[in-house]
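A structural walkthrough
The primary structure of each chain is shown beneath.
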Amino acid sequence: MARMPSAERRRQLVEAAVRVMARDGVARATTRAICAEAEVSLSVFHYCFDSKQELLEAAIGSITGSYVARVMSAVEPRATLRETVRDALGSYWDHVTDRPAEHMLTYELTQYALREEGFEHLARAQYERYVASAAVLVEQVCAVRGVTPKVSVDLIARVLAATIDGLTLQYLVLGDDRAAEALLDVTADQLVALIDG
């Protein structure tokens, strides 16, 4: 096995964990299965992570970070605030439709964390991360449009996180593209109303 910096090994294990969990489910994602997917020994896992809990937290962060980075890089000023918001929502939505298994995994991780004693804080951290990411996105949209929101960024972020969470789950269950697009349009209208009054 080639020597590799521990940060790179951690990334390798997190990516393997996401693949295993998306494919086989959280309950079947044992440290052995994850190490086999990453093609590393168990000792490498224990060198990089103190526990499976720490690895799951890193996996949640990786998944969230991936789609937040995608949306953030796509936020550009459009002709109107509404078009800017809708384009940002569209970038997120492309991630949902491109990687539905990852998004399905986020719901499974939440349920797993809520049911497993000692893991409950992971679900809280996951949803706090969603709100924090939504706040950064709202701030960036406002910055590129040069507007000051009429209500608190925290409130807008919580509305955005809750709405997108429900919309994503509904899409994963029903698979209705047209309904999802219509709901994204309504969500853009609601966010503009909160931002611009």
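The model shown is predicted, which means the values in this text are computed figures rather than measured ones.

Okay, the pattern of salt bridges next. One pass over the full model with this rule turns up 15 salt bridges. Arg-99 is paired through a salt bridge with Glu-102; the nearest N and O atoms lie 3.4 Å apart. Within this structure, Arg-82, Arg-86, Glu-181, Asp-185 and Asp-189 form a network of salt bridges that share partners.

Time to look at the packing of aromatic side chains. Evaluation of the coordinates by the stated rule reveals 5 aromatic pairs. With centroids separated by 5.2 Å and ring planes inclined at 70°, the aromatic side chains of Trp-93 and Tyr-171 adopt a geometry described as edge-to-face. Residue Trp-93 is found in helix H5 (residues 81–98), and its partner Tyr-171 is found in helix H8 (residues 153–174); the two are separated by 78 residues along the sequence. Across the pair, Tyr-171 and Trp-93 agree in class, each one buried. Within the aromatic cluster, the residues linked to one another by ring pairs are Tyr-92, Trp-93 and Tyr-171.

Note that Val-96 resides in helix H5. Of the residues examined, Val-96 reaches a relative accessible area of 0% and is grouped as buried. For Val-96 and Tyr-67, which are 29 residues apart along the polypeptide, the C-alpha to C-alpha distance reads 8.7 Å. Sequence-distant contacts of Val-96, that is, excluding residues within four places in its chain, are made with His-103, Thr-168 and Tyr-171.

Each value, and the rule that gives it
- Residues numbered from 1 in each chain as written.
- Predicted model: local features only at pLDDT ≥ 70, side-chain atom pairs only at ≥ 80, totals over all residues.
- Heavy atoms only, no water.
- Salt bridge = Lys/Arg side-chain N within 4 Å of Asp/Glu carboxyl O.
- Phe/Tyr/Trp six-rings, centres within 6.5 Å; stacked < 30°, edge-to-face > 60°.
- Helix = DSSP H or I, 4+ residues; strand = E, 2+ residues; numbered from the N terminus.
- Buried < 20%, exposed > 50% of the residue type's maximum accessible area, 1.4 Å probe, protein only.
- Contact = heavy atoms within 4.5 Å.

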